[in-house]
Amino acid sequence: MAMSRRTFHMITGTAALGLALGGSGEVHADVSAPTGPPPDPPRADGRAHTVGFDRYSMLVDGRRVVLWSGEMHPFRLPSPSLWRDVLQKMRGHGYNTVSVYVAWNFHSSAPGHHDFTRVRDLDLFLRTAAETGLYVTLRPGPYINAEVDAGGFPGWLTATPGTARTSDPTYLGHVDEWLTAVNRIAVRHLYTRGGGTIVLYQLENEYANHVTEAAGRDYMAHLYDKVRADGIDVPLFHNDKGRNGYWAPGTFDTGGERGRWLYGFDGYPSPFRPPPDWGYFGPGGTKGGSTASPDTPGFLAEFGGGWFDPWGGAEFGGKGYAESRRTRDAAYERRFHLTNLANGIKIHNVYMTFGGTSWGWLPAPVVYTSYDYGAALDEARQPTAKLVPMHQIGHLLHTVPELAELDRAEDVDVGGGPALRAYHLVNPDTGTHVHVLRNDSTGEAEAAVPVAGTTVRVPVPGLDARLLAAGMSLGRRTLRYSSAQPMLRLAVGRQDLAVFTGRSGEVTTTVLECAREPRVTVLEGDAAHTYAQGTLRLDVRLGGLVRVLVEGGGVARPLLLLLADDETSVRLWPHHTPSGPFLVHGPALLRTAQRRGTTAQLTGDTVDDADLEVWAPPGVTEVVWNGAPVPARGTASGSVRATRRLPGAAPVRLPALTGWRRRAESPEAAVDFDDSAWRTADRTTSYATTPVPAGQPVLFADDYGFHYGDVWYRGRFEGAAGAASVSLAYVSGTQGLLMAWLDGKPLGTHRMPVPDAKTVRRGTWSATATFPIAPGDGPHVLSVLVRRMQHDEDGGANDSHKAGRGLVSVAFDGASPAVRWRIQGEAAPDPVRGPLNNGGLYGERHGWHLPGFPDGDWEAVPLPRTERGQGVVWYRTRFRLAVDPGTDASIGLTLADDPARAYRAQIFLNGWNMGQYINDVGPQHTFVLPNGVLDTRGPNTLALAVLADGTTPSGPGTVELTLLGRAAGGVPVTLVDSPGFPSRSL
Ligand code: GAL
């Protein structure tokens, strides 16, 4: 039966539970006015809500909502206080949803153990998202990819039987334990129950390799059943790698609940080609395209809002995140997201919106520590120019719900040459027309758009796009058309308010339907107006904030038109509150707004001195900013405006880092080192996918319970006389290395070649290091350190995360002694900082990275410094910060040196592993130190574990604190627990 437009075929939630479970599972319900005002921002309000969808959009309590979502990963920001900062910035800049992966490895150090405390406090994150008024899409995997170690699988899973990402029973047993633990928290935060704001939940991720096999279909059905059995009653979905139609509704067994399953896919198109069409304007994909799931809304579960960057070096190509942000700039975002909108996408998720930091051993081998991603909010939590389109599109989608229900309309010829692409859409209920005009050439083009019997001329800059609306309600009045892009529509206080935007200096035309001539007052800016034949025409040159007040003409409610250039548009902050909407203009960020009697209580940030102007519910005459009353008076714009500017941020002074102390380690290289407590490497079988050579014991670190960072081996042998060389085969991720010593003397360092070198097969990361030796008969001790650089991801669902890591085998040329190996990796996981914080360096195993470690007897040295030799040397210092309490300073650590020097450093701040610097590879030099881990008003301990190849002199060179951003305001920051020496884990 064909479904009527006014029918939606799924509701979930406690209110609908009886219905949903009692019938076929497919629930039809009439919605009388889905295109009414948008629902208020969600809160954990304790009420039951329905979360459903039809073919156009999500329906929350029966109201249309376009999800304009941003991805952030709590596990990439190890300071829970700052989650609120990022979420508030997202909400302020127009996002209404946050999408989060939950990384299994981050929470689980051993089978059955799941830690959701401290920086792993998922419950707190979900509470914060709800308090911020954001919907949540929860994505707990079990597999997530996300450029994290093993794609999110715990290290211990690499040493278990069974094929991951299939219906293998051992794997499913572990998965069920994980999902039970996550879902116990998630159910408390379902929007359907009013406990939180989760409205969508993802199973698996880009699961493409077993689509047609029983092992794949059964696996997906198992996940579906498990999640439903755990009480997750919101719509579920999978994220298809491109619009292939994989796991579209009906392709696997969802227990008859077809209407509660959405089809989602992702896209990371090249910025150097025109945006792809899918949905309304093209087949999209190869195996299903726009027909993949015609009854569910267009859903981009991820769309590239930047791109990750690989390690640098001439061969490998990491160029740094400034390059990501340059190639995927604001115009890119506008061009691609508006194309998505034209193609019927109603659930958007910008991956990443805040990338954050892959601290510790979290990064997959393909990336380095920073996961800045070139995202709209940078790794240091600073807004970038890319927020302009996000802000404008997000607020538009939220305040103009007509855009949640668009059909393709007849094509129009807009001229302008072949590179100018026009999309025409219409809302079938309201008749609102939307034109998306996209210029795929580098030069500016002019579109001549036929609208309402006339031709509207719109300049479209090169490699950019814009949205033109016609026949759109602005409250009591109707827009005939505007060549400026609409950004929002609000009824604030006693007037309607509409904002239009564009590039500074553009001349725009806006025409309103006005049956009778209204009174028009240009309150500010360069604007001319004419009235003729029932229309008011405004010609406005964009620059700052142009204000035009339209009153009378038979309409009781005034309309304030605000035309803002891009820069000004991101200083306009609509905020929906239970007492009605606010619009705030001026500061760098509005975090919260509420009405208390006659006062608008606002919190937010300023960077420079800023104006403050507030459109508020009726009766508000006073303003309080960050707790302090601000003198203000009413304006002709119907606002309350501060009579003096808000002060900007105070200067931040950072100390030089001095007082360094130095100590060499790697005692494991010495002949007489006591390794009696180390594990004997005596296993004969491995769970690794890498073959174990015949006649050798298993040497992979994971098989012995060591999953992260460096691993040491000591091999004893006799009967070596005549050997001319020793060959050590090893496996690591990219930029891994092996260094060896024979009887305490360095043999040298072997660096894992980058992929296009001949000695390594791409994807296996295995190589053999051969060192010349001339030993006598023995006994001898061979000491080997392998820097593993993490497990591969498992994107192909072929257990590639189980590729071995560490030594594979040893062979001698000219002799064949049997080597008896012992192995030592990381100590027990840090109970506070988690399993990914530490590897197996001597200093890490003995707490040299921790605050309070007694380093008084270490050698005092100045930096920069030149060291020689192979092995590990530690440097420690303390510094004290005194950042003004009202200032949010974002601080990084910058290391620099002669790039010919072959060394790397792990950076420990107050015991937290903030990442890895590779001096001769790069590209990362600055490491973000998140407040909370960093005490901005107290003492801090910094430790560097410097691993030098020994092939060149090594550093450290200069090591400095860098200011990455500052604002007056911020969020209150609670220090994370940073236990010092001695640690419980040692
Ligand atoms: C997607 C994947 C994400 C992430 C992204 C690239 O295909 O779903 O987890 O890996 O690519 O950053």
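Residues numbered from 1 in each chain as written. Predicted model: local features only at pLDDT ≥ 70, side-chain atom pairs only at ≥ 80, totals over all residues. Heavy atoms only, no water.

Draft legend 1. A look at the site of the ligand. Taken together, 16 residues form the shell around the ligand, and within it Y101, N145, E147, E206 and Y373 come nearest. Between an oxygen atom of the ligand and a side-chain N or O atom of N145, the distance comes to 2.8 Å. About the coverage of the ligand: the protein hides 96% of its 300 Å² of free accessible area. Residues that form the shell around the ligand fall into these classes: 9 nonpolar, 3 polar and 4 charged. (Near = heavy atom within 4 Å. Polar contact = N/O pair within 3.5 Å; in protein donor to acceptor, adjacent residues only side chain to side chain. Areas by Shrake-Rupley, 256 points an atom, 1.4 Å probe, with all protein chains shown as cover. Nonpolar A, V, L, I, M, F, W, Y, C, P; charged D, E, K, R; others polar.)

Draft legend 2. Main features of the sheet that holds strand β27 (residues 545-552). Spatially, the 5 strands line up as an open sheet ordered β21-β22-β28-β27-β24, and their pairing is mixed. The open sheet has two free edges, formed respectively by β21 (485-492) and β24 (519-524), since each of these has just one partner strand. Adjacent strand axes in the sheet meet at a mean angle of 20° when their direction is disregarded. The sheet contact formed by β21 and strand β22 (residues 495-502) spans 7 bridges and is antiparallel. Bridging across to β22, L490 finds its partner in L497. Helix-sheet contacts for helix α9 (residues 387-399) involve β21 and β22, and the interaxial angle to β21 is about 50°. (Pairing = 2+ DSSP bridges. Helix = DSSP H or I, 4+ residues; strand = E, 2+ residues; numbered from the N terminus. Axes fitted to C-alpha atoms, helices over the stretch in contact; angles between N-to-C directions. Contact = heavy atoms within 4.5 Å.)

Draft legend 3. Here's a closer look at the pairing of strand β15 (residues 420-426). Among the 7 residues in β15, 6 count as buried, and that is most of the element. Here 2 bridges tie strand β14 (residues 407-408) to β15, and the two strands are oriented antiparallel to one another. Bridge pairing in β15 links R408 to L425. Where β15 and strand β16 (residues 433-439) come together, 7 bridges link them in antiparallel fashion. Bridged to L420 within β16 is N439. Counting the residues between successive antiparallel strands, the hairpin from β15 to β16 contains 6 residues, one of them, G431, with a positive phi of roughly 75°. (Buried < 20%, exposed > 50% of the residue type's maximum accessible area, 1.4 Å probe, protein only.)

Draft legend 4. Layout of the domain arrangement of the chain. By domain assignment, the chain separates into domain 1 (5-401), domain 2 (412-642), domain 3 (666-824) and domain 4 (841-968). Each of domain 3 and domain 4 was reduced to a C-alpha centroid, and the two centroids are 28 Å apart. On the side of domain 4, 17 residues touch domain 3, which itself brings 21 residues to the contact. At the boundary of domain 3 with domain 4, total buried surface from both sides reaches about 1,500 Å², with 47% on carbon and sulfur atoms. If you sort the residues of domain 3 by the area they bury against domain 4, Q735, R751 and R787 come out on top, with a joint share of 34%. Counting across the domain 3 and domain 4 interface gives 3 salt bridges. Here R845 makes a salt bridge to E668, at a shortest N to O gap of 2.9 Å. (Domains from an automatic or database assignment. Buried area = accessible area lost by both parts, 1.4 Å probe. Salt bridge = Lys/Arg side-chain N within 4 Å of Asp/Glu carboxyl O.)

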